[in-house]
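# Summary of the model geometry
The chain contents come next:
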Amino acid sequence: MIRPMKKTTNFDFAASLFRQKAEELLKIRQRKPATQILDTTAQNHFHELELNQIELELLYAELKHTEAALLTSEKSLQEKTDDLLLLANSSFKLLDFNSIDEIYHFLGSKLLQLSGADYMLLSEYNELNSSTTPKLWFGIDQFIGKIVSTLGKDINQIQIPVQDVAKQMDLELRKKIYCLAGGLHELTVQKVPKAICVAIEKILGIREIYSIGFIWKGHYYGGASFGFKKGNKIKKSDLIDTISNQASLALSRKYAEKSLTENEKKYRGIFENIQDVYYETATDGTILELSPSIKLLSKGQYTREDLIGKPIYDYYEDRDARSKLIQELKKCRQIIDYEIQLINKDGSLVNCSISAELIIDPQGNPEKIVGTFHDITNRKQSEEDLKSALTKAKESDRLKSAFLANISHEIRTPMNGILGFSTLLKEPGLSGDQQKEYISFIEKSGERMLNTINDLMDISKIEAGQMNVIVSEVNMNERINNLHHFFKPKCQEKGIQFLVKNNLSPDKSILNSDRNKIDAILSNLILNAIKYTPQGSIEVGCGIVHAIHESYVQCHVKDTGIGIPLSRQQAIFDRFVHADIEDNAVYEGSGLGLSISKAYVEMLGGKIWVESTLGAGSTFYFTVPYQVHPQTRNNTEEEANPGKESVLSKKLNILIAEDDENSKLFMTISLERLTNQLFIARTGLEAVKLVSDHPGIDLVLMDIRMPELNGYEATRRIREFNSKVVIIAQTAHGLAGDQEKAIEAGCNDYISKPINRIRLLEVINRHLRSKLTNF
Ligand code: ADP
């Protein structure tokens, strides 16, 4: 029996057994004498034995042959097993390597060994420029100097664009090793000139070049090229194909991992640093992810850890808004700039804009919502600002048009009167009465124009924030009486009654407020009442009203006039607004009076309103507190009384400092009755000199705008040597600040141009009452 040992040993053993048996039989035959005749049985035995021996020898020969064949197949089997082992190992190793470099080094050793090549070059894919460059080369160390000088550059400076490689030959075909008929020139996709390629082939003695690409799913990751000298052929090409294929998979994975890591790093960076908040929520609203920027958005009140796992509904100001968002997402999958309000930890609301997408799982069901949101408080504010700026711009535009229409009307109409009657005055042969009549028309027109200009000046001062409150003691009863006295003739002229219904006891009639402004408010309301009342009466009066902290004087001006429709009762307090839009030409007026009155009342700390019935009459009310907090200085000037005549003891020495001839003439004539001696100065310097030369001067009427030295400076210099002379400034600008400046410079008082004679006398009387004899 063949024992389970090495096969050669079994055959030898069987053969030696047979040989042993045959030799034993021969010995038996030789022992018998030659002449002795063997019996038939013995002879047959010998014959059988001989046949057996021949058979045995044949068998032995056959055994030897089988043994040799077995040896060969055993060797090839071993080789195949080794190859398989190598492939199995390489597939694991290639996938297990940590870096692309390790893969290349492994390929370097294995492919060179398997192919039996004299030279080998491995090239690598470069993502930055989508080309391949030589990475490792073998067998050329001793020729490297010559190769580099022939090439004119380092080997690793050769770059072969992948798209050229693909153009030259279908990438799929490159996945198996192939022979390059065009040698190095073909290998370099003709990027290296043929002559150089041939020269390098010569240096290396290359006869044949083979190449294979590392290609996976149509992507080219590099390749291996093998150079053979004369007589050498590529070996194990199947193995090289398989290992290259394994390498392609490993390289594709490494590149994918690399880009995954880079992307992960990139997105992590974005996630960590974005200003917007990135979020993910489950469909039930549970917060799955939030970027750290939530801290910024919540002004430090929440961190992502506080909120992950919580229901997002809890942070919506309007829970329905989130439901609507989901519905919208189910419809369109994506939503952009959806505005919501989120609740911060302290309960404050943050206006946010969300952009989100609904993620669907592979089964087609909604999986989660991912998106971003950011704070749009500033944007909202800007929108609001923009809206209000637009409204203001429209309002200004409306006002501008109204302004132009009103002012044009209000200036042209009196101008018409002035110019018209001035022309008529020139007519020869006019009677004295006619002349008086025409002059009074001119005066009225002048007054009307002055009123318009004053209104405009006032409104621009209010607008510029230059209208100051000048506080002094104001006796309301006195103001009402004065105004009654002043406007009574006008009412009589129109045939209407003017009544006073005053409920203020004398001790309650003193306010600390701005007298001029109260006068202006009351005058304006009375003038309107007269203007808009064709018949009947008007009534003015005051009373006290008590509020929680403070008592007020409440004044009213009531008329039985045309009334104001309810829809216009608010608007009439706006600038340039008339109650009767269509028919405003019937009544003269710039539409500024009530808006000025309203501004004044508010400056004094009160309110103004109207109650009116169309066709039956109106009552305007306004309140003023007893005490106004002064915005400027406290002016404790004495109450002026235009109606009061002074007891005059003597006439005055007056200096008129004025460069304008008309104004000078007007003042000279106006003051004629009180003048003892008149001095005229045309410049500030002249004025200073005249006062210094004539210490007897009682009064200086100091114009502010004069050549050489202005009125402020001239006053300052006069005050250096004369503190007694009364200096009254004439301010033409009518701007707030002028009057304060005049007082600061040392003037006793001021009077605005155009100068009203009565007002001028009033002021002079106030300061020089003791000296005046008759006026
Ligand atoms: P003006 O009188 O110059 O037009 P106001 O600002 O004083 O400007 O008044 C605005 C508008 O209010 C007037 O045009 C008029 O239509 C209405 N109005 C004011 N006072 C009265 C009043 N007493 N009776 C009726 N309408 C009035």
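Structural data are supplied above this passage.
First things first, this report covers the structure right here in the doc. (Residues numbered from 1 in each chain as written. Predicted model: local features only at pLDDT ≥ 70, side-chain atom pairs only at ≥ 80, totals over all residues. Heavy atoms only, no water.)

## Overview of the overall build of the chain
The condition that has to hold: Under the scheme used here, helices are H or I runs from DSSP no shorter than 4 residues and strands are E runs no shorter than 2 residues, and both carry numbers assigned from the N terminus. Classification of residues uses two cut-offs on accessible area relative to the type maximum, computed with a 1.4 Å probe and protein chains only: under 20% is buried, over 50% is exposed, and between them is partly exposed. Note on contacts: a residue pair qualifies if any of its non-hydrogen atoms lie within 4.5 Å across the two residues. Accessible surface area values rest on a Shrake-Rupley calculation with a 1.4 Å probe, where residue burial reflects the displayed protein chains alone. Two residue types count as positive, namely Lys and Arg, and two as negative, namely Asp and Glu; His and chain ends fall outside the count. Every charge is mapped onto a representative atom, which is NZ of Lys, CZ of Arg, CG of Asp or CD of Glu.
Along the chain, the regular secondary structure elements total 21 helices and 25 strands. A principal-axis box enclosing the C-alpha atoms of the chain has dimensions of 210 × 65 × 50 Å. Sorting the 775 residues of the chain into buried and exposed places 41% on the buried side. Within the chain, counting contacts between residues at least 6 apart in sequence, those at least 24 apart form 64% of the total. Element-wise, carbon and sulfur atoms account for 53% of the exposed surface of the chain, whose accessible area totals about 43800 Å². When the 96 basic and 103 acidic side-chain charges of the chain are each reduced to a single mean position, those positions are 4 Å apart.

## Section: the packing of helix H4 (residues 144-151) against helix H7 (residues 194-204)
Here is the rule: Fitted lines through C-alpha atoms give the axes, limited to the stretch in contact for helices. The angle between two N-to-C directions lies from 0 to 180 degrees. By the definition adopted for this analysis, an angle is roughly parallel if under 35 degrees, roughly antiparallel if over 145, roughly perpendicular if from 65 to 115, and oblique otherwise. We call Asp, Glu, Lys and Arg charged. Ala, Val, Leu, Ile, Met, Phe, Trp, Tyr, Cys and Pro are nonpolar, and the rest, Gly among them, are polar.
Following both chains from N to C, one finds H4 and H7 inclined at 170°, their axes separated by 10 Å at the closest point. When the interaxial angle is binned, H4 and H7 end up roughly antiparallel. Residues Lys146, Ile147, Thr150 and Leu151 of H4 form the contact with H7, whose participating residues are Ile196, Ala199, Ile200, Ile203 and Leu204. Across the contact of H4 with H7, the residue classes break down as seven nonpolar, one polar and one charged.

## A short note on the pairing of strand E1 (residues 119-126)
Note the cut-off: Note on pairing: two strands pair once DSSP finds at least 2 bridges between them.
Most of E1 sits inside the fold, with six of its eight residues counted as buried. Of the pairings in the sheet, the one linking E1 to strand E6 (residues 219-229) comprises six bridges and is antiparallel in character. Bridged to Glu124 within E6 is Gly222. Where E1 folds back on strand E2 (residues 131-138), the antiparallel hairpin that results is connected by four residues, among which Ser130 adopts a positive phi of roughly 50°.

## What to know about the site of the ligand
Applicable threshold: In these notes, residues near a molecule or strand are those with any non-hydrogen atom within 4 Å of it. As used in this structure description, the phrase polar contact means that two N or O atoms lie within 3.5 Å; if the pair is within protein, one of them must be able to donate a hydrogen and the other to accept it, and residues adjacent in sequence are counted only when both atoms belong to side chains.
The ligand sits among 20 residues. The nearest are Asn528, Asp559, His578, Ala579 and Leu594. Backbone polar atom of Gly593 to an oxygen atom of the ligand: 3.3 Å apart, as the coordinates give it. The separation between an oxygen atom of the ligand and a polar main-chain atom of Leu594 is 2.7 Å. Relative to its unbound accessible surface of 530 Å², the ligand loses 96% to contact with the protein. For the shell around the ligand, the elements supplying multiple residues, two or more each, are helix H15 (515-531), helix H16 (593-603) and strand E18 (617-625). The dominant element in the shell around the ligand, judged by the number of residues it contributes, is H15, at three residues. The class makeup of the residues in the shell around the ligand is ten nonpolar, eight polar and two charged.

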